Amino acid sequence: MSGCGNSGKSDIRGEIDNNIEKSLVVVKPDGVRKKVIGEIISRFEKEDLNIEKLKMLRISRELAHRHYQDHKDKSFFDILIEYITSGPVVAMVISGENAIARVRGLIGPTDPRKAERGTIRGDFGDDITVNVIHGSDSMENARREIELFFGQSKW
Ligand code: UDP
Ligand code: MG
């Protein structure tokens with residue numbers, strides 16, 4: 001069992017904060033084109049999540065393949081790679097208590113047509129591919145994705 005850098009320190013009242021997690025969030029090319037970067041960041045900040053790292057980049061085909069390696073045999077893989085490399089994105093590391101699930105809750109389900117109003121995909125997404133934003137789905141993937149986007153690398 002290992003967290004994302006949090007050692008479960010107790011604070012001054014002796015309470016233990018064990019569930020501090022980090023998530024890799026990417027505002028995808030359509031999110032940048034729609035000019036909702038600021039709106040999206042605001043939603044995370046209003047929920048008291050922390051923006052720890054942030055950068056704009058153009059995802060290379062190599063990075064896209066590595067980021068989405070689990071989907072390489074899916075029917076939509078080629079379309080997904082075309083889409084995610086089609087323009088600049090904003091990548092960030094978001095931290096906070098239970099950040100992975102909370103970020104996914106604010107994002108909404110993969111298909112924006114099934115997402116409720118008030119979720120990021122429900123408000124700004126087009127379809128099951130063009131869905132505005134990525135958020136890590138597990139601690140293992142968060143660690144892997146943060147290393148890919150923010151580790152010592154050439155991206
Ligand atoms: N995607 C797609 N068609 C599908 C399912 C997913 O084009 O039927 C795309 C979509 O952009 C999605 C990404 O592939 O965000 C990764 O899929 P995943 O199932 O991991 O969804 P997510 O975790 O992003 O909700
Ligand atoms: Mg996923």
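Computed from a predicted model, the values in this text were never measured in an experiment.

Asks: I'd like to hear about the sheet that holds strand β4 (residues 133-135), residue by residue, with values.
Replies: An order of β2-β3-β1-β4 is seen for the 4 strands of this open sheet, with the pairing classed as antiparallel. Each of the sheet's edge strands pairs with one partner strand only, and the pair in question is β2 (50-58) and β4. Shown here is a sheet whose adjacent strand axes are inclined to one another by a mean of 20°, direction ignored. Sheet topology note: the strand β1 (residues 20-27)/strand β3 (residues 88-97) ladder contains 8 bridges and is antiparallel. Bridged to L24 within β3 is V93. Packing against the sheet, helix α2 (residues 37-46) makes contact with β1, β2, β3 and β4, and its axis sits at approximately 160° to β2.

Asks: Please provide a residue-by-residue account of the site of ligand 1, values included.
Replies: Every residue close to ligand 1 is listed here: K28, Y68, H71, F76, L80, R104, T110, R121, I128, T129 and N131. Note that an oxygen atom of ligand 1 is positioned 2.9 Å from one of the side-chain N or O atoms of K28. Between an oxygen atom of ligand 1 and a side-chain N or O atom of T110, the distance comes to 2.6 Å. In this structure the site holding ligand 1 corresponds to the largest pocket. Split into classes, the residues belonging to the shell around ligand 1 amount to 4 nonpolar, 4 polar and 3 charged.

Asks: Account for the pairing of β3, naming residues and giving values.
Replies: A large share of β3 lies buried, amounting to 8 of its 10 residues. Across 8 bridges, β2 lies against β3 in antiparallel orientation. By the bridge assignment for β3, M56 is matched with V90.

Asks: Pulling in residues and values, what's your account of the layout of surface pockets?
Replies: When its volume is computed, the largest pocket comes out at roughly 480 Å³. Lining the largest pocket are 20 residues; nearest its centre among them are Y68, H71, L80, T110 and H134. Secondary structure elements with two or more residues in the lining of the largest pocket: β4 and α7 (139-150). In terms of residues, the lining of the largest pocket owes the most to one element, α7, which gives 3 residues. For the lining of the largest pocket, the residue count by class is 4 nonpolar, 9 polar and 7 charged.

Asks: Any details on the pattern of salt bridges? Residues and values, ideally.
Replies: Within this structure, the stated rule accounts for 11 salt bridges. Between E52 and K22 there is a salt bridge whose closest N-O contact spans 2.9 Å. Of this pair, E52 sits in strand β2 while K22 is found in strand β1, placing the two residues 30 residues apart along the sequence. A residue is classified by how much of its surface remains accessible, and K22, at 24% relative accessible area, is partly exposed. Here E145 and R144 are joined by a salt bridge, their closest N and O atoms 4.0 Å apart. In this structure E145 comes out as buried when scored by relative accessible area, which is 3%. The class for R144 is partly exposed, based on a relative accessible area of 22%. The network of salt bridges with common partners includes E39, R43, R117 and D123.

Asks: Requested: an account of the nonpolar core, with residues and values cited.
Replies: Membership of the largest hydrophobic core comes to 20 residues, with the highest contact counts inside it found for L57, I59 and F149. If you list the elements that add at least two residues to this core, you get β1, α3 (61-67), α4 (77-84), β3 and α7. Broken down by element, the residue count for this core peaks at 5 residues, all from α4.

Criteria and thresholds
- Residues numbered from 1 in each chain as written.
- Chains lettered and ligands numbered in written order.
- Predicted model: local features only at pLDDT ≥ 70, side-chain atom pairs only at ≥ 80, totals over all residues.
- Heavy atoms only, no water.
- Pairing = 2+ DSSP bridges.
- Helix = DSSP H or I, 4+ residues; strand = E, 2+ residues; numbered from the N terminus.
- Axes fitted to C-alpha atoms, helices over the stretch in contact; angles between N-to-C directions.
- Contact = heavy atoms within 4.5 Å.
- Near = heavy atom within 4 Å.
- Polar contact = N/O pair within 3.5 Å; in protein donor to acceptor, adjacent residues only side chain to side chain.
- 1 Å grid on protein atoms, 1.4 Å probe; cavity = no way out; pocket = protein on both sides within 12 Å on 5 of 7 lines; lining within 4 Å.
- Sits in = over half its atoms within 2 Å of the grid points.
- Nonpolar A, V, L, I, M, F, W, Y, C, P; charged D, E, K, R; others polar.
- Buried < 20%, exposed > 50% of the residue type's maximum accessible area, 1.4 Å probe, protein only.
- Points joined across faces, edges and corners; volume = space filled by probe spheres on them.
- Salt bridge = Lys/Arg side-chain N within 4 Å of Asp/Glu carboxyl O.
- Core = buried A, V, L, I, M, F, W, Y, C linked by side-chain atoms within 4.5 Å.

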